[in-house]
Amino acid sequence: QVQLVESGGGLVQAGGSLRLSCAASGRSFNTNGMGWFRQAPGKEREFVAGISARGFDTIYADSVKGRFTISRDDARNTAYLQMDWLKVEDTAVYSCAAALRYSTARRNLNEYDYWGQGTQVTVSS
């Protein structure tokens with residue numbers, strides 16, 4: 001059974017940091033693009049960051065560029081999202097995803113095939 005399990009969410013004050021992890025099991029995603037998305041209450045799911053196979057390329061939403069960093073450790077079959085200088089508007093459920101059809105970094109949610117359940121990130125003022 002293929003699973004993506006996120007962890008590391010929580011409550012943090014504005015200006016603080018969190019590191020999210022996405023642990024994959026059931027198969028390797030070493031040759032696939034991975035991504036992070038988020039969904040705030042009443043809003044559509046939106047792209048946050050994407051990383052290519054082997055981590056050669058990364059892409060970010062303009063709203064998080066310079067504050068968030070996506071990375072991966074293929075030996076651990078795990079992807080990460082380091083979030084610094086968090087803002088109240090970053091509050092959302094964050095989900096990781098794997099794109100089986102692509103080895104490149106992708107930003108369209110329709111390009112992703114496996115999804116985790118998500119982890120809540122709440123940023124207080």
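What counts, and where the lines are drawn
- Residues numbered from 1 in each chain as written.
- Predicted model: local features only at pLDDT ≥ 70, side-chain atom pairs only at ≥ 80, totals over all residues.
- Heavy atoms only, no water.
- Pairing = 2+ DSSP bridges.
- Helix = DSSP H or I, 4+ residues; strand = E, 2+ residues; numbered from the N terminus.
- Axes fitted to C-alpha atoms, helices over the stretch in contact; angles between N-to-C directions.
- 1 Å grid on protein atoms, 1.4 Å probe; cavity = no way out; pocket = protein on both sides within 12 Å on 5 of 7 lines; lining within 4 Å.
- Points joined across faces, edges and corners; volume = space filled by probe spheres on them.
- Nonpolar A, V, L, I, M, F, W, Y, C, P; charged D, E, K, R; others polar.
- Salt bridge = Lys/Arg side-chain N within 4 Å of Asp/Glu carboxyl O.
- Buried < 20%, exposed > 50% of the residue type's maximum accessible area, 1.4 Å probe, protein only.
- Contact = heavy atoms within 4.5 Å.

Asks: Please explain the sheet that holds strand β7 (residues 68-73) as it appears in this structure.
Replies: Two modes of strand pairing occur in sheets, parallel and antiparallel, and in both the strands are linked by backbone hydrogen bonds. The four strands lie next to each other as β1-β3-β8-β7, forming an open sheet whose pairing is antiparallel. The sheet is open, and its two edges are formed by β1 (3-7) and β7, each paired on a single side. In this sheet, neighbouring strand axes are inclined to one another by 15° on average, regardless of whether the strands run parallel or antiparallel. Sheet analysis places strand β3 (residues 18-25) next to strand β8 (residues 78-83), joined by six bridges and oriented antiparallel. Counted as the bridge partner of Leu18 is Met83 from β8.

Asks: Whenever I open this one, empty space enclosed by the protein confuses me. Can you help?
Replies: Empty space among the atoms can be located by rolling a probe the size of a water molecule over them. Enumeration according to the criterion identifies one cavity of 30 Å³ or more in this entry. Here the largest cavity is characterised by a volume of approximately 50 Å³. Broken down by class, the residue content of the lining of the largest cavity amounts to three nonpolar, three polar and two charged.

Asks: Even after reading the chapter, I still don't get the pattern of salt bridges, so can you show me in this structure?
Replies: Any two side chains of opposite charge can pair, on the condition that their charged atoms come close. The tally for this structure, following the rule as stated, stands at eight salt bridges. One salt bridge in this structure joins Arg67 and Asp90, with 2.7 Å as the shortest N-O distance. Remark: Asp90 occurs in the loop between β8 and β9 (92-99) and Arg67 occurs in the loop between β6 (58-60) and β7; sequence separation between them is 23 residues. Exposure class is identical for Arg67 and Asp90. Each is buried. The network of salt bridges with shared partners includes Arg38, Glu46, Arg67 and Asp90.

Asks: Any chance you could explain the environment of Ser52 here in plain terms?
Replies: Note that Ser52 resides in the loop between β5 (46-51) and β6. For Ser52, a relative accessible area of 5% corresponds to the buried category. Counting along the chain gives 18 residues from Ser52 to Met34, while the straight-line C-alpha distance between them is 6.6 Å. Aside from chain neighbours lying at most four places away, what touches Ser52 is Asn32, Gly33, Asp57, Arg72, Ser103, Thr104 and Ala105.

Any functional reading would require information that these geometric values do not contain.
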